[in-house]
Amino acid sequence: MTSCYKSLQEKAFNVRQPCLSPDGKWLATGSLKGEIRVWDIQTRKQTTTLSPQIESGQELGRVAFSQQGDRLFASTKGGVVKVWKVLDWSLTELRFPHGDRVRSISLSQDGKLLAVLGFDEKVSVWDVDEPSKPKTLHVGWGGGIQAGAVAISPDRKWLAVGLGDGSIPMFDLSTLTEQFRFPTTVKSEEIKTLAFSPDSQVLASGTGFADGAIDVWSIHEPEQPIHRLEGHTDYLCSLVFSPDGKLLASASADQTIRLWDTEEWENSLVLRGHQHEVWAVCFTSNGRQLVSGGKDGDICEWNVDRAAKMSWPIALPNELPWGFQGLDAKRRASFSPDSLWLATRNEDGTICLRTTENLEVTHRLDELGTNHTGLLFAPERRLLFVGKDDGTLTWLDPLQPHTRKSHTLVPKATIYLANFGRKGNDLLVLATHHPSSFSAENRKTRCILWSVEDEKEIVSWDIPANQQCAALSPDGELVVTGHYDGTLRFWPIDDTGNSKAISLRDYVRGVAFSPRDDGLLVTVNEYGRIELWDVATRTSRGILHGNMKAVFEVQFSPDGTRLATAGSAGESVKLWDLATRQEVATLIAPGYSFGEVKFSPDGNAILAPSIDGTLFMWRVPSREYITRYERSHAKSR
């Protein structure tokens, strides 16, 4: 579940360190270049921009509010701490020369104690109220690689320093003497980030570059980690415990945030949505939300304790044809209008009918042959349409195969089925002669609107052959096509020669109309962008944030209140609530990627075939169930 305070378009504003005030009123975010932005949590609007002058070559370090919430601290890698009074945002500076450069900085939980780790192999500890009296200790690197992290325990008893050889010496803050040292667990891996638990009894450490694992250490058992948490595929950027210590959040360069249950020390949730490295995370004071920022410039708020119970997917292994992510990877399965049956195009090219209860085969339609390119049930009637690679369109009642009829639309063309209009009277069909070449400029695709009632073509026209997706509006008056060149084209049925195009820059993978009369269209693309559009004005209505990788198809729920998107590994299918524009759930299934997704007509199931030929189906909770769950959960807090 994710929502953003703002999707920052200035990608130069890399969110280095978000922090929340103790009273939950303010969110402060800092960038590498030194600019700090302050947001009002209630209104989710930016209220103040603080632009401290940072010397050339320096970077902004940690940003933190004081325990009383009356001051905001921002440390730089030049050893300077900027301090603002929250009341009027007036600025003062504390300057702490520390060699030529500073490697890492840590502020105590109350913002009054500062530890500065320099490139000169020293750590200086400063009392912010007495900046002229620093305490300094020599740590060394422990190897040929520079040390990477420093942390002060919440009780201000311990100073942890992550060295370049992966070891962590622990210093008594009152005497600045080393008491013991956590050993190296991964050779030649420097410590990138450290975090103490709220009770100061546990230390979590994250290493770079090749490992990505988290070591959990007990202050009372320094010989070896008490736990090793694995799952990230790139180096760790940030670690933080929830205020109650029940969760550990980890942010990684693999573009994900993971939540770890500290009772069982298991990965409880993976949060995906950032499009680049996630640099920092912080919990709200009640521990119910998490705020993150990273290199992509997005500031995201995550609801970490909301969950809707989903049934495990029913898998039908190796029964569907393998296909590329394109038109030939779609329309491999279709629900009947009553949601009782599922027609599937199988690996051997045949079509069969299954029950949606357990996906068992009940009817085989061998008389249809094997050269099928897609199938689609018509709404409001048990009529199955099948496309073939010889240019013909066939339709029949699958329980009465003798009723089948056929018509040649475009001789020797490959027939792809897009979708029906609202009542099922009109069917959008694409006929093309590729895929021998996607680059031939003179190659065209024939777009055909077919009348189900009259069993004949209503209108047809040529479109560029680099189309990836197409959709017919519910009223049957408009066709929208998405293309490899990043264009979205609008074709009025009554004037197909007068099309309009919008450039989206990125390869359009899927497009769908809302089934409601709200003039809403949604597109998905190669880079995980899910965008809502106003059909009448051809303008954007907003973006849904949550996908890390490509999204291949999208479909509205029958009532138009939700979206389902098909994505890549780890993000198999995502379910979205359109009212809140938040992710409801991620449905995980094994597989490289999923080129198709669809709701059952009753809205109680979601179907997604994997590119490897496996079909997955989930039973999903109703909107009413999720609402009841959230209300009851809110009362128990």
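What counts and how
- Residues numbered from 1 in each chain as written.
- Predicted model: local features only at pLDDT ≥ 70, side-chain atom pairs only at ≥ 80, totals over all residues.
- Heavy atoms only, no water.
- Helix = DSSP H or I, 4+ residues; strand = E, 2+ residues; numbered from the N terminus.
- Buried < 20%, exposed > 50% of the residue type's maximum accessible area, 1.4 Å probe, protein only.
- Contact = heavy atoms within 4.5 Å.
- Areas by Shrake-Rupley, 256 points an atom, 1.4 Å probe, with all protein chains shown as cover.
- Pairing = 2+ DSSP bridges.
- Axes fitted to C-alpha atoms, helices over the stretch in contact; angles between N-to-C directions.
- Core = buried A, V, L, I, M, F, W, Y, C linked by side-chain atoms within 4.5 Å.
- pLDDT = per-residue confidence, 0-100.
- Salt bridge = Lys/Arg side-chain N within 4 Å of Asp/Glu carboxyl O.
- Phe/Tyr/Trp six-rings, centres within 6.5 Å; stacked < 30°, edge-to-face > 60°.
- Polar contact = N/O pair within 3.5 Å; in protein donor to acceptor, adjacent residues only side chain to side chain.
- Patch = residues over 30% accessible without salt bridge, like charges linked within 9 Å, V, L, I, M, F, W, Y side chains within 5 Å.
- Lys, Arg positive; Asp, Glu negative; His and termini not counted.
- Charge placed at Lys NZ, Arg CZ, Asp CG, Glu CD.

Draft legend 1. View of the overall build of the protein chain. Assigned secondary structure in the protein chain consists of 1 helix and 56 strands. Counting across all 637 residues of the protein chain, residues that qualify as buried make up 59%. A separation of at least 24 residues holds for 44% of the contacts in the protein chain among residues at least 6 apart in sequence. When the accessible surface of the protein chain is totalled, it reaches about 26,100 Å², and 46% of it is carbon and sulfur.

Draft legend 2. Structural view of the sheet that holds strand β33 (residues 361-364). Ordered by their spatial adjacency, 4 strands build an open sheet running β30-β31-β32-β33, and the pairing between neighbours is antiparallel. Unpaired on one side and paired on the other, β30 (333-335) and β33 mark the two borders of the sheet. Mean inter-strand twist for the sheet, computed between neighbouring axes without regard to direction, equals 25°. In the sheet, β30 pairs with strand β31 (residues 341-345) via 3 bridges, with the strands oriented antiparallel. In the strand pairing of β31, F335 is matched with L342.

Draft legend 3. Main features of the nonpolar core. With 18 residues, the main nonpolar core has F385, L393, L409, L417 and L427 as its most contacted residues. Setting aside chain neighbours within four positions, we find L417 in contact with R331, G374, L375, L376, F385, V386, G387, L393, L427, L428 and V429.

Draft legend 4. The arrangement of the pairing of β33 in detail. Pairing between strand β32 (residues 351-355) and β33: 3 bridges, direction antiparallel. Pairing of C352 across the sheet is with R364, part of β33.

Draft legend 5. A look at the confidence of the model for the protein chain. Predicted confidence across the protein chain gives a mean pLDDT of 81, with 82% of residues reaching 70 or more. Predicted confidence for residues 437-442 stays below pLDDT 50, and this span has 2 contacts to residues more than four positions away or in other chains.

Draft legend 6. Spatial organisation of unusual backbone geometry. The backbone phi angle of Q255 is positive, close to 75°, even though this residue is not glycine. Tracing the chain through its elements places Q255 in the loop between β23 (247-252) and β24 (256-261). Its identity is not glycine, yet R538 carries a phi of approximately 60°, on the positive side.

Draft legend 7. Structural view of the pattern of salt bridges. Across all of its chains, the model carries 13 salt bridges by this definition. R228 is the partner of E230 in a salt bridge, and the nearest nitrogen-oxygen pair spans 3.7 Å. A residue is classified by how much of its surface remains accessible, and E230, at 59% relative accessible area, is exposed.

Draft legend 8. The arrangement of the packing of aromatic side chains in detail. Taken as a whole, this structure holds 11 aromatic pairs when the rule is applied. Their ring planes at 25° and their centres at 4.7 Å tell us that F182 and W217 sit as a pair that is stacked. Here F182 is found in strand β17 (residues 177-182), whereas its partner W217 is found in strand β20 (residues 214-218), with 35 residues between them in sequence. Exposure class is identical for F182 and W217. Each is buried. Note on F385 and W395: the rings are 5.9 Å apart at their centroids and 20° apart in plane angle, and the pair reads as stacked.

Draft legend 9. Spatial organisation of the side chain of R354. Here R354 shows up in strand β32. A polar side-chain atom of R354 sits 3.1 Å from a polar atom in the side chain of T344. In this structure the side chain of R354 is engaged in a polar contact, spanning 3.1 Å, whose partner is the backbone oxygen of L359.

Draft legend 10. Fine view of a negative patch on the surface. Taken together, the side chains of E347, D348, D366 and E367 present a region of like negative charge at the surface. Mapping D366 onto the fold places it in the loop between β33 and β34 (372-377).

Draft legend 11. Geometry of the sheet that holds strand β49 (residues 539-544). Across the sheet, which stays open at both edges, the 4 strands sit in the order β46-β47-β48-β49 with antiparallel pairing between neighbours. This sheet does not close on itself; its edge strands, each paired only once, are β46 (508-513) and β49. When the angles between neighbouring strand axes are averaged without regard to direction, this sheet yields 25°. As paired strands, β46 and strand β47 (residues 520-525) are joined by 5 bridges and run antiparallel to one another. Each residue of the ladder has a partner; that of G510, found in β47, is V524.

Draft legend 12. Quick look at the side chain of T350. Of note, T350 is situated in the loop between β31 and β32. When near neighbours in sequence (up to four residues on either side) are disregarded, T350 contacts T344, R345, D366, G369, T370 and H372.

Draft legend 13. Just the environment of T185, in detail. By the secondary structure assignment, T185 is in the loop between β17 and β18 (191-196). Along the sequence, T185 and D215 sit 30 residues apart, while their C-alpha atoms lie 8.2 Å from each other. Setting aside chain neighbours within four positions, we find T185 in contact with D215, W217, P225 and R228. Of the polar contacts made by the side chain of T185, one reaches the side chain of D215; its length is 2.6 Å.

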